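# Summary of structural features
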Amino acid sequence: MTLPRQILLLYRKDLRVEVRKKESLIAMAFFGVLIMVILNLAAGLDRRLQAEPAAGILWVAILFSSVLGLGRVFAREKENNCVAALLVSPLSPGALFAAKALVNFTLMSFSELVLVPVFFALFGAGLQPGLPVLLLLLALVNLGFSAAGTLLSALAAGTRRNEVMLPILLYPLCLPLVALAVKSTGAAFGGRPLTEIRDLIESMAAFGLIYAAVGYLLFSHAVREV
Amino acid sequence: MPMVEPFLRVEGLCKSYGGLTALEDVGLTLEAGGFLCLFGPNGAGKSTLLKVLATLLPPTAGSVRVAGFDLEEHPEAFRAQLGLVSHQSFLYDDLSARENLAFYAALYGVPDPSVRAGELLERVDLAHRAHSPVREFSRGMQQRLSIARALVNDPSLLLLDEPYTGLDAHAAIRLSRQLRLLHEARRTIVMATHNLERGLDLATSVGILARGKVVFLQRRDQIDPEAFEQLYFRHLEAA
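Just so you know, these numbers come straight off a predicted model, no measurement behind them.

### Focus: the overall build of chain A
- If you tally the helices and strands in chain A, you get eight helices and zero strands.
- Starting at the N terminus, the α and β elements of chain A follow one another as α-α-α-α-α-α-α-α.
- For 226 residues, the compact-globule formula gives about 17 Å, and the C-alpha radius of gyration of chain A, at 18 Å, lands near that figure.
- If you line up chain A on its principal axes, its C-alpha atoms span 55 × 35 × 30 Å.
- The buried share of chain A, taken over its 226 residues, is 49%.
- Summing over all exposed atoms, chain A offers an accessible surface of approximately 10,300 Å²; the carbon and sulfur share of this is 68%.
- When the 19 basic and 13 acidic side-chain charges of chain A are each reduced to a single mean position, those positions are 7 Å apart.

Spelled out as structure tokens, the structure:
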């Protein structure tokens with residue numbers, strides 16, 4: 001079986017389970033909305049925020065809520081030790097990594113369909129949404145975060161406190177990507193043109209590709225430790 | 001007369017985790033169609049040996065050959081010979097029995113996964129529950145489905161790690177019947193179990209592992225089942 005077909009097979013299986021249970025998506029969206037509501041109350045309901053603090057709130061809500069989904073996607077393979085059956089099969093570990101990263105990317109994207117409109121409803125006054133730029137930034141962060149999260153969730157699954165280990169490992173690793181995301185989103189919300197934040201966007205793409213490449217290469221070692 | 005290569009050959013196999021030796025100079029052979037039952041107390045190295053045979057753990061030293069394929073030289077061809085059953089089901093609770101089997105069959109590149117899933121469900125008497133999610137299955141039903149899952153690629157070597165764990169008497173009898181049928185179909189089987197009675201009943205060869213070493217290996221027809229329990233404990237005490 002070719003690599004793309006292996007990836008598609010695993011991706012469809014995981015999405016089928018997620019559509020049936022909806023546990024990750026609901027948890028992610030609910031937690032993200034909760035964070036934004038609390039921050040909205042803390043900031044003052046009628047207060048207009050500057051572009052950069054507002055961008056920070058958006059990414060805090062997205063990235064903190066995403067960990068709930070990232071952990072579940074690999075934990076599902078550990079239930080009944082399904083990962084052992086996958087490793088005995090002709091499946092390439094790289095296909096397993098790519099499929100899991102793709103599932104995480106999809107879950108993050110779907111939760112953002114809820115979180116981004118809620119964000120603009122709560123904090124949008126005075127911000128310039130710049131939808132195409134925001135979509136590009138969301139896609140780049142999703143790429144980097146889901147790639148790094150997939151590798152680290154496999155590593156964390158081999159530890160006793162895996163649900164605690166994942167965020168402890170993931171957030172420091174993704175700090176450069178998050179900082180770039182906050183900076184570029186703040187600039188976009190402030191109405192600065194795409195050309196002015198091009199360097200930031202290129203750096204984000206580079207981080208995303210590095211996380212994806214490292215994850216693809218190291219996943220076979222990480223998954224054998226589970 | 002030319003020497004016939006045994007179907008399974010394990011030579012000088014060692015596995016260490018840091019300073020801990022889990023397997024030490026393990027050697028054994030099994031002819032095609034044979035049924036080797038490995039006994040031993042907890043921590044003897046049975047599961048580690050099966051994990052090495054299943055390619056889930058790399059050996060520290062030694063060699064393993066199955067059907068002429070060396071584990072290190074031809075890992076993919078080696079893996080293609082294997083089916084693995086454990087006390088864990090390796091099944092997705094939220095997928096139906098048919099979806100689980102079809103998923104694994106597709107993973108092995110079986111031409112028509114859905115048809116293969118249907119055949120296997122018939123074989124393990126679960127066709128009537130094909131569309132039920134696995135989480136609704138009893139432990140015995142899950143174990144039968146787990147055997148069906150291990151057979152999706154029609155493996156020539158079936159590895160069973162404590163398959164009787166958690167089964168009630170009725171489910172254990174059904175499992176023994178299933179294993180006997182698989183053996184009669186000339187499938188080569190290696191099973192690790194604590195259950196001396198069931199193991200002796202099925203095996204064509206019997207091994208005892210203690211402290212990571214094979215301390216006893218003999219053909220089943222050369223063993224007196226009445227005296228085996230004594231012999232088993234004698235070997236454990238001597239190890």
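From this point on, the discussion continues.
### Quick word on the packing of helix α3 (residues 51–78) of chain A against helix α5 (residues 93–123) of chain A
All names here are of chain A.
- Remark: α3 packs on α5, axes separated minimally by 9 Å, with the N-to-C direction vectors making an angle of 150°. In this view, α3 runs roughly antiparallel relative to α5, as classed from their interaxial angle. Note that α3 runs across α5; the crossing there is right-handed. Of the residues in α5, those in contact with Ala 54, Ile 57, Leu 58, Ala 61, Ile 62, Leu 63, Ser 65, Ser 66, Gly 69, Leu 70, Val 73 and Glu 77 of α3 are Lys 100, Val 103, Asn 104, Leu 107, Met 108, Glu 112, Leu 115, Val 116, Phe 119 and Phe 123.
- Of the residues assigned to the contact of α3 with α5, the class counts are 15 nonpolar, four polar and three charged.

### Comments concerning the packing of aromatic side chains
- Tallied over the entire structure, the rule returns 17 aromatic pairs over all chains.
- Between A:Phe74 and A:Phe219, the aromatic rings sit 6.0 Å apart at their centres with planes inclined by 85°, giving edge-to-face as the arrangement. With A:Phe74 in helix α3 and A:Phe219 in helix α8 (residues 198–224), the pair connects residues that are 145 residues apart, well separated along the chain. A:Phe219 matches A:Phe74 in its accessibility class, with the two residues each being buried.
- Taken together, the aromatic side chains of B:Phe39, B:Phe216, B:Phe228, B:Tyr232 and B:Phe233 make up a single cluster linked through ring pairs.
- A cation over an aromatic ring shows up here: B:Lys15 above the ring of B:Tyr17, its NZ or CZ 5.4 Å from the ring centre.
- Here the basic side chain of B:Arg149 rests over the ring of B:Tyr104, its NZ or CZ set 5.5 Å away from the ring centre.

### Quick look at the pairing of strand β4 (residues 61–66) of chain B
All names here are of chain B.
- With five bridges connecting them, strand β1 (residues 8–17) and β4 associate as antiparallel partners. Residue pairing for β4: Arg 9 is matched across the bridge by Arg 65.
- Pairing analysis gives two bridges linking β4 to strand β5 (residues 69–70), with the strands arranged antiparallel. Within β5, the position partnered with Val 66 by the bridge is Phe 69.
- Linkage of β4 to β5, two consecutive antiparallel strands, is achieved through a turn of two residues, within which Ala 67 is found at a positive phi near 50°.

### Here's the deal with the interface of chain B and chain A
- Counting residues at the interface gives 22 residues for chain B, matched by 23 residues for chain A.
- Across the chain B to chain A interface the summed buried area is about 2,200 Å²; carbon plus sulfur atoms make up 63%.
- On inspection of chain B and its partner chain A, the count reaches three salt bridges.
- A salt bridge links B:Asp94 to A:Lys21; its shortest N-O distance comes to 3.5 Å.
- The tally of links between chain B and chain A comes to eight residue pairs in polar contact (both at pLDDT 80 or more).
- Contributing elements (two or more residues each) for the side of chain B that touches chain A: β6 (82–86) and α3 (97–107) of chain B.
- No other element matches α3(B), which puts five residues into the side of chain B that touches chain A.

### Structural notes on the confidence of the model for chain A
- Summing up the model confidence of chain A, the mean pLDDT is 90 and the portion of residues at 70 or higher is 98%.
- Element-level pLDDT for chain A is lowest in α3(A), with a mean of 90, against a maximum mean of 94 in α5(A).

### What to know about the side chain of B:Thr48
Residues and elements named next belong to chain B.
- Checked against the element boundaries, Thr 48 lands in helix α1 (residues 46–53).
- Note on Thr 48: relative accessible area 14%, which makes it buried.
- If sequence neighbours within four positions are ignored, Thr 48 has contacts with Lys 15, Tyr 17, Ala 22, Leu 23 and Leu 57.

### Some remarks on the sheet that holds β1(B)
- Strand order in the open sheet made by the four strands is β2-β1-β4-β5 (chain B), with antiparallel pairing throughout. Every other strand in the sheet has two partners, leaving β2 (20–30) and β5 of chain B as the edge strands with one partner each.

### A few points about the layout of surface pockets
- There is about 660 Å³ of room inside the largest pocket.
- Lining the largest pocket are 28 residues; nearest its centre among them are A:Arg224, B:Lys51, B:Thr55, B:Leu56 and B:Leu57.
- Looking at the lining of the largest pocket, the elements that each hand over two or more residues are α4 (82–88) and α8 of chain A together with α1, α2 (75–80) and β6 of chain B.
- Residue composition of the lining of the largest pocket, grouped by class: 15 nonpolar, six polar and seven charged.
- In terms of lining residues, the second largest pocket is bounded by 18 residues, among which A:Leu9, A:Arg12, B:Ala102, B:Ala106 and B:Pro113 are the most central.
- Elements with a contribution of two residues or more to the lining of the second largest pocket: α1 (3–21) of chain A together with α3 and α4 (113–123) of chain B.
- Take the lining of the second largest pocket: its biggest share by element is six residues, from α1(A).
- Taken together, the residues of the lining of the second largest pocket sort by class into 10 nonpolar, two polar and six charged.

Calculation rules
Residues numbered from 1 in each chain as written. Chains lettered and ligands numbered in written order. Predicted model: local features only at pLDDT ≥ 70, side-chain atom pairs only at ≥ 80, totals over all residues. Heavy atoms only, no water. Helix = DSSP H or I, 4+ residues; strand = E, 2+ residues; numbered from the N terminus. Rg over C-alpha atoms; globule rule 2.2 N^0.38 Å. Buried < 20%, exposed > 50% of the residue type's maximum accessible area, 1.4 Å probe, protein only. Areas by Shrake-Rupley, 256 points an atom, 1.4 Å probe, with all protein chains shown as cover. Lys, Arg positive; Asp, Glu negative; His and termini not counted. Charge placed at Lys NZ, Arg CZ, Asp CG, Glu CD. Axes fitted to C-alpha atoms, helices over the stretch in contact; angles between N-to-C directions. Parallel < 35°, antiparallel > 145°, perpendicular 65-115°, else oblique. Left-handed = near helix turned anticlockwise from the far one by under 90°. Contact = heavy atoms within 4.5 Å. Nonpolar A, V, L, I, M, F, W, Y, C, P; charged D, E, K, R; others polar. Phe/Tyr/Trp six-rings, centres within 6.5 Å; stacked < 30°, edge-to-face > 60°. Lys NZ or Arg CZ within 6 Å of the ring centre and 35° of its normal. Pairing = 2+ DSSP bridges. Buried area = accessible area lost by both parts, 1.4 Å probe. Salt bridge = Lys/Arg side-chain N within 4 Å of Asp/Glu carboxyl O. Polar contact = N/O pair within 3.5 Å; in protein donor to acceptor, adjacent residues only side chain to side chain. pLDDT = per-residue confidence, 0-100. 1 Å grid on protein atoms, 1.4 Å probe; cavity = no way out; pocket = protein on both sides within 12 Å on 5 of 7 lines; lining within 4 Å. Points joined across faces, edges and corners; volume = space filled by probe spheres on them.

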